[in-house]
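Tertiary structure, described
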Amino acid sequence: MARRIPWARLSVVLVSAVAIALPLVIVIYQAFLDAPFFQPSAKLSLSAFRFVFADEDFHRAVWTNLILAFGMTAIAVPVGSAMAFLMVRTDLPGRSWLEPVIVIPVFVSPMVLGFGYIVAMGPVGFLTLWWQQHLGPIPWDIYSLKSLVVLAGLTHVPMVYLYTSSALRSLASDLEEAALTAGAGTARVALTISLPMVWPAILSSGVLTLFLGFELFGLPLVLGDPQGLLVLPTYLFKLTNKLGVPSYQLMAVVAVVIIAIAFPLVWLQRKLMGATSRFVSVKGKGQASRPLPLGRWRWPATGLMVLWFIPTIAVPLAGVFLRSVVSSWGEGVNLTEVLTLDHFKELFEYPNVVRGIVNTIVLAVVGGGIAVACYAAIGLAAHRWQSRWAKVLDYLVMVPRGMPGLIAGLAFLWVFLFVKPLAPLRPTLFSLWLAYSVVWLAYGMRMVSAALLQVGPELEEAAASAGASSGRIIRDVTLPLVRFGLVGAWLLIFCIFAREYSTGVYLLGPGTEVIGSLIVSLWGSGALDVVAALSVVNILLVAVGMGVALRLGVRLHG
Amino acid sequence: MARLNVTEVHKRLGGNQILRGTSFTLEEGEIVALLGPSGSGKTTLLRAVAGLDHPDAGRIVLDDEVLYDGSAGIVVPAEKRSLGLVFQSYALWPHKTVFENVAYGLKLRKVPRNEIADRVAAVLGQIGLTGMADRHPHQLSGGQQQRVALSRAIVYNPRLILLDEPLSNLDAKLREEARVWLRGLIQQLRISAIMVTHDQSEALAIADRILLLDKGRIEQEATPVEIYERPKTLFAAEFMGANNRFSGQVAELKGERCRVSGDGWELWGRMRGDRKVGDRAEAIVRLEKTFLAEGPGENRISAKLEAALYLGERWDCVFQASSLRLRLWSPAAPADRPHWIHVPEGSLLVF
Ligand SMILES: Nc1ncnc2c1ncn2[C@@H]1O[C@H](COP(=O)(O)OP(=O)(O)O)[C@@H](O)[C@H]1O
Ligand SMILES: [Mg+2]
């Protein structure tokens, strides 16, 4: 019997390649046309590039975006790695319950956070009014670039935290104890031993933050708009209004610019991640790590956590919740007298909002489950496959990382317009599901691969020598062993899908409403009561997913 | 006709040539041990037979069925070989009970449900695990897990069973009991077995025949008695047992007898290699064949006691003689005076 061709695995490669490449190809193709692709008169041309590159607003957007991306990285990296060290390696009080709190910003839509900042710290925000009453003039301007950079930096601390803490966790504590014994204090150990050892992880999280800076859409949309502060994604978003006609070719050019910035960064980040595991695998004896004593640094360290927590999480979330239950506010209004649940009742008066909530739940629960099943199929296809195709697949799943949700949503809209057999599916949840699943492919694959890596090869080989075919091995051994990991992935993907807002923006239409993109469009129309109530619904939905995940002991870190 | 024929198997892994043309045979009902130091390629060879790794070249034939032939491009996948494999780590499926672990191979062979129950119960009974069927692997001791792994591999009457360091995860006492038990069981089942081990006493105790492997080559293939008493190469002689080794020169050759001499000593021994008079040579003698003598004589060396370690049933003594260090086992503590050490001529092997 000769070696067989692995049809099942190859077809998984093929299907994923099509789903990943199609939107990318269509965006690039559209960028080189002089009119929307569906117009018969559209010709290949560089005119769209010429137009965009000559636009003053575009220059400003690029410039603002650079300041924003580097500024927020400069904030997130030091704060995030310091917090990771404190959480993982020291006896900081309250470490165990702090971790789920730290990752909250990952699971709350930036639209909601941005909205929270406005209602709390905007010119007539709750906090602003309170401050003016008790402390005098406020020292911040929420609509300035400075605020945008600081808030974007603070909300991206969890990204750095997640990468750095998981690297620190795999560092043996005897390396630090050796330094302690040699006479170094805890702060010194952190700066000379622990953090340098996980430097590649920190660096890679920095690169990640940097390229997230070019994907940032919700925060700049909410905070930057009133002063005309544009970054690349919001510039792209505003292009439609700018010319009044669907200027697909111009949008495609901006999308290509963003992708061209993101891809090298994604690639760099991946390289650095590879370096991380090499670095970290050089470790001492892997015994349980004992926390380093903080001593007199205990309270300053706690102070840092609080200082981050209040503006990043407490203020915006409190703002959103408060805004959703008051009928009016302002100077001299006693908030206890204007409490109301009317905004929540109001939600049910809009059929599209009701549909949006139902759709979000369906998409997150069912769609999330199917997405994880697809990720698992891809993971299993590459699992123990000694072939260059496994490598191809490995790189392929990284590609969507370089496509921000907003652009992926736009690209899939075009895919559904362009590929005629798919057209009937456009106004259905399938179009959203496909876009969501591709956008979060890299994230989901990380979880699935991590689960698959836990399965010892011998357990599968034992089944093979007992006579099981590869299909049987997957069914009887591999899948049952990764079941828990897949359920965990499902829960986290549930949270991510429930939170997602930018991918649905361009796919939004009757039948494809979801909470996230409804908030974007309602925000544009100024229906703030509904936005507030809907934001709370969104937060609660994600909280349910997070709560279940935490109860089951799903690890939130990679 | 041998049951298993492995011919000229080559395998490269990560740029290193692991197997360099390894060949051996296995007869019906025979237990063969693949013995060798860690990293010598034993596991790789076993996995090639099991079909988990494919060699780069060579031929593996079992009962007239070609399992692998590099030049003909024939590869029978592991699941079609119907062999029983016991992993060093046992590789018990943690999500299945003992019963389900053992029954798996039968289920795959579409054995009727009630027959499965009977056969699993029979095997578990035979192997001393009655009453454990509903437990999960983590609820068993190391020794019990090892038995489950074995049951799982034999329950479907494989054509051959392959064991990779089956006893290495047991503690020392259990290991010695398990040797007797394992050999008894395999013989009782009348099954052919290949066992990989790096522990020579395990190989000597269990196997009918030992294949001594070094750097991916078979150094010697012989019965336990022969390989221990008449090793063919220096490596084989040194690998087996605990030895004294003298480096010297061949001074005289009389047929198989030869005299080796060094700085201040000379000993008669048996030439096992092909050294000529004047060549450098290595002489090896087992510690248990090295004795304390009352006075001078032929094949005796005068030596000074350097250290004596009490090991319970004997003393492990180190002596220093002009340019040599010698070890021997003595039933009593040697007195602190000059000694004579006797090496019987028939026990000194010269290479
Ligand atoms: N996947 C691999 N890639 C590269 N080298 C390997 C691989 N697996 C084993 N080796 C090397 O092959 C040699 C033989 O391995 P193995 O057959 O496991 O030895 P043994 O079982 O005799 O201890 C070792 O030196 C080991 O380092
Ligand atoms: Mg081995």
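Residues numbered from 1 in each chain as written. Chains lettered and ligands numbered in written order. Predicted model: local features only at pLDDT ≥ 70, side-chain atom pairs only at ≥ 80, totals over all residues. Heavy atoms only, no water.

1. As for the overall build of chain B
What counts, and what does not: Runs of H or I in DSSP of at least four residues are treated as helices and runs of E of at least two as strands, each being numbered from the N terminus. Any two residues whose heavy atoms approach within 4.5 Å at even a single point are treated as in contact. Per-residue and other accessible areas were derived by the Shrake-Rupley procedure at a 1.4 Å probe size, with only the shown protein chains allowed to occlude residues. Two residue types count as positive, namely Lys and Arg, and two as negative, namely Asp and Glu; His and chain ends fall outside the count. Lysine's charge is taken at NZ, arginine's at CZ, aspartate's at CG and glutamate's at CD.
For chain B, the helix and strand inventory stands at eight helices and 21 strands. Here the contacts in chain B between residues at least 6 apart in sequence split such that 64% fall between residues at least 24 apart. For chain B, the accessible surface area stands at approximately 15500 Å², while carbon and sulfur atoms represent 49% of it. Each charge class in chain B was averaged separately, 46 positive and 44 negative side chains, and the resulting centres sit 3 Å apart.

2. Focus: the pattern of salt bridges
All names here are of chain A. Applicable threshold: Any Lys or Arg side-chain nitrogen located within 4 Å of an Asp or Glu carboxyl oxygen qualifies as a salt bridge. For each residue, the accessible area found with a 1.4 Å probe, counting protein chains only, is set against the maximum for its type, and the residue is called buried under 20%, exposed over 50%, and partly exposed in between.
Evaluated as defined, the whole model comprises 34 salt bridges over all chains. Across the pair Arg60 and Asp57 runs a salt bridge, and its minimum N-O distance is 2.6 Å. Residue Arg60 and its partner Asp57 are both found in helix α3 (residues 56-89); the two are separated by three residues, about one turn of the helix. Between Lys238 and Asp225 there is a salt bridge whose closest N-O contact spans 3.1 Å. Of the two residues, Lys238 is situated in helix α14 (residues 232-243) and Asp225 in the loop between α13 (218-224) and α14; the sequence distance between them amounts to 13 residues. Given the relative accessible area of 24%, Lys238 is considered partly exposed. Using a relative accessible area of 30% as the deciding quantity, one classes Asp225 as partly exposed.

3. A closer look at the environment of Leu393 of chain A
Residues and elements named next belong to chain A. Here Leu393 lies in helix α19 (residues 388-396). With a relative accessible area of 1%, Leu393 lands in the buried category. For the pair Leu393 and Gly379, spaced 14 residues apart in the sequence, the C-alpha separation amounts to 9.1 Å. The residues contacting Leu393, other than those within four sequence positions of it, are Val13, Ser16, Ile378, Ala381 and Ala382.

4. Description of the interface of chain B and chain A
Applicable threshold: By buried area we mean the combined loss of accessible area, with a 1.4 Å probe, across both parts when two parts are placed together. Identification of polar contacts relies on pairs of N or O atoms within 3.5 Å, with a donor-acceptor requirement for protein atoms, meaning one able to donate a hydrogen and the other able to accept it, and with residues adjacent in sequence counted only if both atoms are side-chain atoms.
At the junction of the two partners, chain B supplies 27 residues and chain A supplies 21 residues. Taken together, the two surfaces of chain B and chain A that pack against each other cover about 2100 Å², and 57% of this comes from carbon and sulfur. Seen at the junction of chain B and chain A, the total is one salt bridge. A salt bridge links Glu461 of chain A to Arg47 of chain B, with the nearest nitrogen and oxygen atoms 2.6 Å apart. On inspection of chain B and its partner chain A, the count reaches eight residue pairs in polar contact (both at pLDDT 80 or more). Going through the elements one at a time, β6 (74-75) and α2 (98-108) of chain B are the ones with two or more residues in the side of chain B that touches chain A. The dominant element in the side of chain B that touches chain A, judged by the number of residues it contributes, is α2 of chain B, at four residues.

5. Considering the domain arrangement of chain A
Residue and element names in this part refer to chain A. Worth spelling out the cut-off: In this entry, domain limits derive from an automatic or database-based domain assignment.
Under the domain assignment used here, chain A contains domain 1 (69-231 + 251-339) and domain 2 (341-558). In total, domain 1 and domain 2 occlude about 3800 Å² of area from one another, counting both sides; carbon and sulfur atoms represent 74% of this. In terms of surface lost to domain 2, no three residues of domain 1 exceed Phe107, Phe217 and Arg270, which account for 19% of the buried area on that side. For the pair domain 1 and domain 2, the number of links is two salt bridges. Across the domain 1-domain 2 interface, the total number found is five residue pairs in polar contact (both at pLDDT 80 or more). For the side of domain 1 that touches domain 2, the secondary-structure elements that each account for two or more residues are α4 (95-102), α5 (104-107), α6 (110-121), α9 (157-169), α12 (199-213), α13, α15 (248-281) and α16 (298-324).

6. Side note on the packing of aromatic side chains
The description of an aromatic ring pair uses the distance of the two centres, along with the angle that the planes make with each other. Put simply, the rule is: Each Phe, Tyr or Trp ring (for Trp, its six-membered ring) is paired with any other whose centre lies within 6.5 Å, and the angle between the two planes then decides the class: stacked below 30 degrees, edge-to-face above 60, tilted in between.
Applying the stated rule across the entire model yields 24 aromatic pairs over all chains. Ring geometry for Phe115 of chain A and Trp523 of chain A: centres 5.9 Å apart, planes at 80°, overall edge-to-face. With Phe115 of chain A in helix α6 and Trp523 of chain A in helix α25 (residues 515-525), the pair connects residues that are 408 residues apart, well separated along the chain. Comparing Phe115 of chain A with Trp523 of chain A shows no difference in burial state: the two are buried. Judged by centre distance (4.9 Å) and plane angle (50°), the ring pair of Tyr310 of chain B and Trp315 of chain B falls under tilted. Under the relative-accessibility criterion, Tyr310 of chain B is labelled exposed at 55%. Following the ring pairs from residue to residue traces out a cluster consisting of Tyr29, Phe37, Phe38, Tyr248, Trp414 and Phe418 of chain A.

7. Comments concerning the pairing of strand β17 (residues 300-310) of chain B
All names here are of chain B. Our working rule: Each pair of strands is called paired provided DSSP finds at least two bridges between the two strands.
Of the pairings in the sheet, the one linking β17 to strand β20 (residues 339-342) comprises four bridges and is antiparallel in character. Within β20, the position partnered with Ser302 by the bridge is Trp340. The sheet contact formed by β17 and strand β18 (residues 315-321) spans six bridges and is antiparallel. Within β18, the position partnered with Tyr310 by the bridge is Trp315. The hairpin turn running from β17 into β18, its antiparallel successor, is four residues long, and Gly312 in that turn takes a positive phi close to 95°.

8. A word on α12 of chain A
Keep this limit in mind: Every helix has an expected span of 1.5 Å times one less than the residues it contains.
Here α12 of chain A contains 15 residues, and its C-alpha end-to-end distance of 21 Å stays within 8% of the 21 Å for a straight helix at 1.5 Å per residue. Burial analysis of α12 of chain A places 13 of its 15 residues in the buried class, which makes it a mostly covered element.

9. Side note on the confidence of the model for chain A
Residue and element names in this part refer to chain A. This is how the line gets drawn: Confidence of the predictor in every single residue is expressed as pLDDT, which spans 0 to 100.
For chain A, per-residue confidence averages 88 on the pLDDT scale, and residues scoring 70 or more make up 95% of the total. Looking at the elements of chain A, mean pLDDT is at its lowest for helix α10 (residues 173-181), recorded as 72, and at its highest for helix α8 (residues 145-155), recorded as 95. A low-confidence stretch, residues 280-287 (pLDDT under 50), is modelled with 11 contacts involving residues beyond four sequence positions or located in other chains.

10. Some thoughts on the sheet that holds strand β10 (residues 209-214) of chain B
Residue and element names in this part refer to chain B. The criterion, for reference: Axis lines are fitted to C-alpha atoms, over the contacting stretch for helices. Their N-to-C directions set the angle, which ranges from 0 to 180 degrees.
Pairing is mixed in the open sheet, where six strands are placed in the order β7-β8-β9-β3-β10-β11. The open sheet terminates on both sides in strands that have one partner only, identified here as β7 (84-86) and β11 (217-222). Put simply, the sheet's adjacent strands are angled 15° from each other on average, direction ignored. Two strands pair when backbone bridges link them, and β10 and β11 are joined in this way by five bridges, in the antiparallel orientation. Along β11, the bridge assignment pairs Ile210 with Ala222.

11. A few points about the site of ligand 1
Residue and element names in this part refer to chain B. Keep this limit in mind: Whether a residue is near a molecule or strand depends on its heavy atoms: it is near if one of them lies within 4 Å of it. Note on residue classes: Ala, Val, Leu, Ile, Met, Phe, Trp, Tyr, Cys and Pro are nonpolar, Asp, Glu, Lys and Arg are charged, and everything else, Gly too, is polar.
Around ligand 1, the surrounding shell consists of Leu13, Gly14, Ile18, Pro37, Ser38, Gly39, Ser40, Gly41, Lys42, Thr43 and Thr44. One nitrogen or oxygen atom from the main chain of Gly39 is found 2.7 Å from an oxygen atom belonging to ligand 1. Take Thr44: an N or O atom from its side chain is 2.4 Å from an oxygen atom of ligand 1. In isolation ligand 1 offers 560 Å² of accessible surface; the protein chains occlude 58% of this area. Of the residues in the shell around ligand 1, the class split is three nonpolar, seven polar and one charged.

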